[in-house]
Amino acid sequence: MHIKESSLTIFEVQKMVGILFGLIFLVGMMNIREVEGRKSRVIDNFEYSAINCRSHSASITDFGGVGDGSTSNTKAFITAVDHLRQFESDGGALLFVPAGKWLTGSFNVTSHFTLYLHKDAVLLASQDMNEWPLIDPLPSYGRGRDAPGGRYASLIFGTNVTDVIITGENGTIDGQGEMWWQKFHHKQLKHTRPYLIELMYSDSIQISHLTLINSPSWNVHPTYSSNILIQGITISAPVNSPNTDGINPDSCTNTRIEDCYIVSGDDCVAVKSGWDEYGISYGMPTQQLVIRRLTCISPTSAVIALGSEMSGGIQDVRAEDILAINSESGVRIKTGVGRGGFVKDIYVKGFTMHTMKWAFWMTGNYGSHPDDKYDPKAIPTIQNINYRDMVADDVKMAARLEGISGDPFTEICISNVTISLAAKPKKVQWACTDVAGISSDVTPKPCDSLADQGPDHKIQCQFPEDRLPIDDVELQTCSYKRRYL
Ligand SMILES: *[C@@H]1O[C@H](CO)[C@@H](O)[C@H](O)[C@H]1NC(C)=O
Ligand SMILES: *[C@@H]1O[C@H](CO)[C@@H](O)[C@H](O)[C@H]1NC(C)=O
Ligand SMILES: *[C@@H]1O[C@H](CO)[C@@H](O)[C@H](O)[C@H]1NC(C)=O
Ligand SMILES: *[C@@H]1O[C@H](CO)[C@@H](O)[C@H](O)[C@H]1NC(C)=O
């Protein structure tokens with residue numbers, strides 16, 4: 001059934017492209033016709049789960065793609081997406097990437113589009129700087145994160161698109177980040193490093209069942225977007241690689257991150273919403289975020305960071321069933337004077353931690369400003385932060401909670417938490433300044449500013465009972481078939 005639609009695709013391309021492509025596709029079409037006449041062999045035939053199935057499909061090899069690890073496929077990807085764009089309002093299209101090593105620079109996706117990686121497909125990020133177009137800084141950041149001015153477009157980039165799926169049978173996207181990390185360390189970057197996947201101003205996004213390795217910087221960055229499903233992603237980067245955050249929802253609404261396994265040089269999940277005066281004036285929060293069944297190894301950073309760029313606000317984050325191994329901190333709030341914005345209605349439960357520097361960390365003096373124009377009166381509101389049902393072992397210090405003088409972090413609730421200490425723990429287990437809240441059934445005993453409710457007044461910190469709209473998104477079973485000679 002899909003093969004017929006593929007030949008249609010091939011038919012229509014002749015209208016659009018020049019003689020060369022016409023010829024390539026004519027050959028392809030004759031092959032398919034011959035195959036259909038005789039007995040054909042089905043090589044690729046698989047099912048996958050997706051928010052939407054597609055009526056049309058093509059393979060990167062139809063567009064001159066070569067999976068030898070050294071031929072550049074940037075043009076093939078750009079041509080393929082340009083071609084498949086015509087099906088946006090005709091059932092959408094899937095671009096299949098077969099087994100092989102597909103070297104490519106940055107390319108853009110389109111709407112009603114699926115990029116599907118075979119399990120043995122590797123997208124290898126190009127090391128040629130000319131294959132990375134420059135794009136404007138994010139309006140909510142005012143500048144690039146590494147350098148003022150523009151930034152390199154992400155390997156897979158999309159803006160103002162809807163219904164985009166990037167998935168596969170755990171196929172790999174290899175950012176080959178070493179070159180970028182060296183440039184970063186040697187201060188040779190004139191522009192901000194690219195991410196592996198970035199979607200801006202977009203709606204209905206699925207990123208699932210992929211292996212992302214060695215990103216030049218952040219791995220997955222949905223921004224100014226909504227209705228985002230991120231599932232079954234394995235992310236790995238050296239634990240000393242700079243800024244290789246796992247998943248960074250940034251000014252996004254209604255996002256679900258689940259069943260991900262992340263080892264990285266920075267925060268496993270970093271929730272963001274813009275930077276100082278730029279983020280404040282853009283004013284777009286990250287809200288309605290679910291994170292569940294996350295495994296994280298991040299020796300120098302947090303399992304879940306809220307901030308530091310949080311100037312548009314962060315609200316209604318629900319995290320549960322999280323496993324942390326050898327990480328610096330569990331949940332960390334990072335903010336400072338000048339950020340403005342808010343972090344409120346945060347609910348975390350079911351957290352298991354092994355080998356940590358701090359189980360809980362709140363930082364009110366994070367610093368790091370885009371420029372000196374930030375407003376020293378822009379103080380953030382940190383409120384209604386709930387942590388419960390947690391166990392941790394081999395912990396150096398239970399909590400380091402530092403609010404802002406004159407701007408305390410309030411309504412903090414911690415309940416049913418048992419922290420076992422490392423062989424050489426810190427003398428003071430709870431260091432609290434400018435924070436206020438309550439605690440119940442927590443060991444070791446919290447600081448006085450989180451007054452213990454006592455054995456007769458045990459409480460359970462809140463966790464919402466209702467469901468978020470993203471919890472109700474259902475996946476369909478889609479199928480793909482492709483025959484070869
Ligand atoms: C992708 O889209 C952006 C924004 O429209 C554009 O600046 C960039 O050049 C495009 N990339 C490619 C490879 O065409
Ligand atoms: C993309 O969407 C944003 C926000 O709605 C809008 O400001 C911008 O002009 C759009 N860009 C394009 C290329 O349509
Ligand atoms: C993909 O990886 C996940 C997690 O490691 C695993 O459970 C799943 O079986 C893998 N799927 C395929 C198709 O290899
Ligand atoms: C306390 O937390 C543990 C997990 O750490 C959980 O199994 C247990 O049910 C919780 N107890 C209550 C009373 O909620």
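The structure under discussion appears in the preceding block.
The rules behind these values
- Residues numbered from 1 in each chain as written.
- Chains lettered and ligands numbered in written order.
- Predicted model: local features only at pLDDT ≥ 70, side-chain atom pairs only at ≥ 80, totals over all residues.
- Heavy atoms only, no water.
- Helix = DSSP H or I, 4+ residues; strand = E, 2+ residues; numbered from the N terminus.
- Buried < 20%, exposed > 50% of the residue type's maximum accessible area, 1.4 Å probe, protein only.
- Contact = heavy atoms within 4.5 Å.
- Near = heavy atom within 4 Å.
- Polar contact = N/O pair within 3.5 Å; in protein donor to acceptor, adjacent residues only side chain to side chain.
- Areas by Shrake-Rupley, 256 points an atom, 1.4 Å probe, with all protein chains shown as cover.
- Nonpolar A, V, L, I, M, F, W, Y, C, P; charged D, E, K, R; others polar.

S.K.: Report on the side chain of S251, specifying residues and quantitative values.
M.R.: Take S251: it is sitting in the loop between strand 17 (226–236) and strand 18 (253–263). Residue S251 is classed as buried on the basis of its relative accessible area of 0%. Leave out the neighbours within four places in its chain, and S251 touches T223, Y224, S225, K272, S273, G274, M284, P285 and T286.

S.K.: So what's going on with helix 4 (residues 178–185)? Residues and values would help.
M.R.: Inspection of helix 4 places M179, W180 and W181 among the buried residues, and these make up the whole buried set. On its buried side, helix 4 packs onto strand 10 (151–152). Directly after helix 4, the chain includes K187, whose backbone phi takes a positive value near 55°.

S.K.: Please set out the site of ligand 1 residue by residue, giving values where relevant.
M.R.: Neighbouring residues of ligand 1: I78, S106, N108, P133, I135 and F157. Contact distances for ligand 1 include 2.3 Å between an oxygen atom and a side-chain N or O atom of N108. In the complex, the protein chains occlude 57% of the 360 Å² of accessible area that ligand 1 would expose alone. Of the residues that constitute the shell around ligand 1, the class distribution is four nonpolar, two polar and no charged.

S.K.: If you had to explain the environment of N108 to someone new, which residues and values would you point to?
M.R.: Checked against the element boundaries, N108 lands in strand 6 (residues 107–108). Among all residues touching N108, those that are not within four sequence positions of it are V81 and F157.

S.K.: Lay out the site of ligand 4 in plain terms, naming residues and giving numbers.
M.R.: All residues in the neighbourhood of ligand 4 are listed as D389, M390, V391, N416 and Q460. Within the side chain of N416, a nitrogen or oxygen atom sits 2.3 Å from an oxygen atom of ligand 4. Out of a free accessible area of 360 Å², ligand 4 has 41% covered by protein chains. Along the lines of polarity and charge, the residues of the shell around ligand 4 split into two nonpolar, two polar and one charged.

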